[in-house]
Each structure stands twice: as structure tokens, then as C-alpha cells.
Amino acid sequence: MPVTADRDIRWGILGAGEIAWTVGREIALSEGNRVAAVGARSLSRARALSSRFEGCVSYGSYSELVVDPDIDVVYVASTHPFHREHALLAIDARKPVLIEKPVSLTAEATREIFRAARQANVFAMEAMWMRLNPLVRQAQQLVADGAIGEVKFLRADHGLGLAYDPSHRLYDLHNGGGALLDLGIYPITFAHLFLGAPTSVAVNGELAESGCDATVAMQWTAQSGSTAQLWCSASVLTSNQAAIYGSTGWIRTEGDFYRPSGLLVHSGEKVRRIPDPIVGQGAGYGPEILEVARCLRAGLLESPSVPHDDTVAIMELLDSARAELGVAYPDEQEAANIY
């Protein structure tokens with residue numbers, strides 16, 4: 001049932017790591033939303049996070065959290081390999097879910113989650129906050145309006161410059177590590193927003209000693225003939241910028257392209273800057289939270305701005321790139337041995 005407009009959306013946070021605190025703080029800052037409960041593998045961790053939010057209760061297990069009748073939606077903030085299990089746990093309890101990106105390790109698991117949500121008649125959405133960013137959406141509108149003519153080329157890069165450490169999550173294959181799922185999902189999603197699904201993809205990359213993808217380069221060709229160069233790296237620090245080039249102009253992001261601080265738009269002979277409309281309003285997760293709240297109040301099962309089909313299509317591209325590089329997570333390797 002839709003959540004009525006006369007009360008706050010009550011969020012339960014599944015997980016108590018850094019991203020749980022970051023997004024939880026944004027939930028508390030978003031009008032009409034509040035953090036009502038936190039669940040973690042240990043009660044002490046849950047209490048440590050829940051103590052930061054007024055009136056928030058804590059649970060020492062995920063199963064206790066998802067059955068709390070005073071929770072309207074569960075934010076799944078555990079690490080990648082557990083997203084499927086934890087999302088299905090919440091869905092089985094008939095709770096809507098916002099699932100941290102990537103929704104799961106594979107496209108097939110992502111499809112399973114969305115099928116389960118539809119069968120349970122509950123809302124589900126990937127927490128791809130970039131898709132809801134107002135500047136990214138404005139860039140989409142500018143392109144749709146023909147501000148830079150026909151899109152011909154797009155580039156985007158995302159690199160962190162982390163020294164190799166096999167215990168770090170980004171280099172730990174058993175914890176869903178690798179540049180693609182953590183970092184590459186952003187350039188790939190950005191390109192998909194402006195070019196649609198590619199008709200051909202070329203992939204090159206470098207693997208870390210642990211077997212994770214450390215650096216990945218992708219060259220796309222779209223149905224229109226437009227091309228894209230996408231690059232991600234755990235080990236190399238990049239500018240984290242993106243640009244869209246059209247037949248009559250270009251658009252370039254300022255700051256990190258997934259959370260831009262402005263847009264530069266070159267149209268004809270003029271260059272103008274579009275400032276960030278949400279500057280000073282938190283870390284940038286607010287639009288994502290408000291979209292979940294809007295969908296819950298409207299009784300929707302998915303967001304038109306973050307459709308299930310797009311999430312699955314991007315996971316298929318990630319699956320394909322990993323397969324070409326020879327990167328397989330332990331569960332996939334075990335399945336291959338069984339079948």
C-alpha cells in the first residue's frame with residue numbers, strides 16, 4: 001500500500017558500514033524521511049549507528065530488522081556479495097528495498113531480485129544516485145533538446161589510485177572486489193544514459209594479483225554510430241570527469257561526474273556554466289532518497305528514472321566485460337564446477 005503523505009517514510013538500514021552512515025545521514029536530512037531502525041550482524045554495531053539518529057531502534061540481526069512493522073522501506077547497505085541474499089530477505093518480509101549499487105554480483109541475480117519484488121508487489125530500486133542527480137538529468141534534457149546537436153562521442157573515467165592491498169575490499173575477489181563493479185558501473189551507466197545499449201564493445205584490462213580487475217578500458221559503438229571511451233581503475237587516480245560531444249557543441253562535467261559540481265555547456269559559439277542546484281544540501285544522495293519516497297507514496301513498484309530493465313542491462317555489460325577479462329567470483333566458479 002502507498003505510504004500516506006501525512007507521515008514520514010520510515011527507513012530501516014541493513015548494514016552498519018560507512019555507506020550506511022553516509023546515506024543514513026542524508027535520509028535524516030531529507031524532508032518527510034527518517035531513519036527508524038538499523039540492523040547489523042552484531043547489536044553493538046547496530047547501536048553505534050542507530051545512536052546517531054533520534055528515535056532509532058537497533059537490531060543485532062538482519063532478520064529482526066526486516067520484520068519490524070514500523071519500517072516502510074529497507075536500504076540494503078551490505079557489501080556486494082550479500083546484496084542478493086539481503087534484498088530477498090527484505091522482499092520476503094514484504095518490505096520495499098533500495099539496494100546499494102551494484103544490486104548484485106551478476107545480471108541473473110539482479111533479475112531474480114526484481115522478479116521477487118514484483119511477485120511480492122513491493123518497490124525495488126538500485127541505489128544509483130547519479131541517475132537522480134539534477135545536473136546529470138539536466139544534461140540529459142539538454143541533449144534531448146538538441147543543445148549540442150547529434151551526440152557523436154562520449155568519454156568518462158573513474159579511478160581511485162589505491163595501492164594494491166589484497167585485504168582491501170576493492171582487491172578482494174571473495175568480497176566482490178574489482179574496478180568494474182565499484183567504479184566502472186558509473187561510466188557505463190553514464191554512457192547508457194546518453195547512448196543507450198552499445199551494439200559492440202571492446203574490452204581491455206589489467207588484473208591484480210588477487211584475480212580482480214584492477215584497470216578496465218572499454219570502447220563502445222552505439223546503434224546510432226556514436227562511440228564512447230570508458231575507463232576505470234582501482235590503482236590509478238583519474239580526474240573522474242565526463243564529457244558528451246555533439247555535432248554542434250559539447251557538455252563537460254565539473255568535479256566528479258557522478259556527483260558534478262557544475263556543467264559547462266558549449267553550444268554554438270557560446271559557453272555557459274550551469275551551477276549545482278543542490279550545493280550545500282548534503283553529499284548528494286538526497287534526490288535518490290526523495291525519489292524512493294515519491295514512488296512509495298505513489299504506490300509504484302519501480303522508479304521510471306531508475307528502471308529495472310536498465311539496471312539489468314548494465315549488469316549484463318559488467319558480466320560480459322568481466323568474462324572477457326577472465327574475472328569470476330567464487331560463487332560463479334563453484335557453479336561452473338557443479339554444472
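Basis of the calculations
- Residues numbered from 1 in each chain as written.
- Predicted model: local features only at pLDDT ≥ 70, side-chain atom pairs only at ≥ 80, totals over all residues.
- Heavy atoms only, no water.
- Helix = DSSP H or I, 4+ residues; strand = E, 2+ residues; numbered from the N terminus.
- Rg over C-alpha atoms; globule rule 2.2 N^0.38 Å.
- Buried < 20%, exposed > 50% of the residue type's maximum accessible area, 1.4 Å probe, protein only.
- Contact = heavy atoms within 4.5 Å.
- Areas by Shrake-Rupley, 256 points an atom, 1.4 Å probe, with all protein chains shown as cover.
- Salt bridge = Lys/Arg side-chain N within 4 Å of Asp/Glu carboxyl O.
- Phe/Tyr/Trp six-rings, centres within 6.5 Å; stacked < 30°, edge-to-face > 60°.
- Lys NZ or Arg CZ within 6 Å of the ring centre and 35° of its normal.

## Quick word on the overall build of the protein
Then step 1. Scanning the protein for helices and strands turns up 10 helices and 14 strands.
Then step 2. The C-alpha radius of gyration computed for the protein amounts to 20 Å, which stays within 12% of the reference 20 Å derived for 339 residues, consistent with globular compactness.
Then step 3. Across its three principal axes, the protein shows a C-alpha extent of roughly 55 × 50 × 35 Å.
Then step 4. Burial status across the protein gives 55% buried among its 339 residues.
Then step 5. Excluding contacts between residues fewer than 6 apart, the proportion of contacts in the protein whose partners are at least 24 apart in sequence is 66%.
Then step 6. With the model as given, the accessible surface of the protein reaches about 14400 Å², and the carbon-plus-sulfur share is 50%.

## As for the pattern of salt bridges
Then step 1. The full count for this structure, using the stated rule, is 15 salt bridges.
Then step 2. A salt bridge links Asp-182 to Arg-169; its shortest N-O distance comes to 2.6 Å. One end of the pair, Asp-182, is in helix α7 (residues 179–195); the other, Arg-169, is in the loop between β7 (151–159) and α7, with 13 residues separating them in the sequence.
Then step 3. Using a relative accessible area of 8% as the deciding quantity, one classes Asp-182 as buried.

## What about the packing of aromatic side chains?
Then step 1. Counted by the stated rule, this structure contains 9 aromatic pairs.
Then step 2. Aromatic pair Phe-153 and Tyr-245: ring centres 5.8 Å apart, planes at 20 degrees, arrangement stacked. You can see Phe-153 sitting in strand β7 and its partner Tyr-245 sitting in strand β11 (residues 242–246), a full 92 residues away along the chain.
Then step 3. On the accessibility criterion, Tyr-245 (27% relative accessible area) is partly exposed.
Then step 4. Both rings, one in Phe-190 and one in Phe-257, keep their centres 5.5 Å apart while their planes meet at 75 degrees; by these two values the pair is edge-to-face. Highlighted residues: Phe-190 in helix α7 and Phe-257 in the loop between β12 (249–254) and β13 (262–267), separated in sequence by 67 residues. Each of the two residues, Phe-190 as well as Phe-257, counts as buried.
Then step 5. Within the aromatic cluster, the residues linked to one another by ring pairs are Trp-129, Tyr-186, Phe-190, Phe-194, Phe-257, Tyr-258 and Tyr-285.
Then step 6. Just above the ring of Trp-21 sits the side chain of Arg-52; from NZ or CZ to the centre is 4.3 Å.

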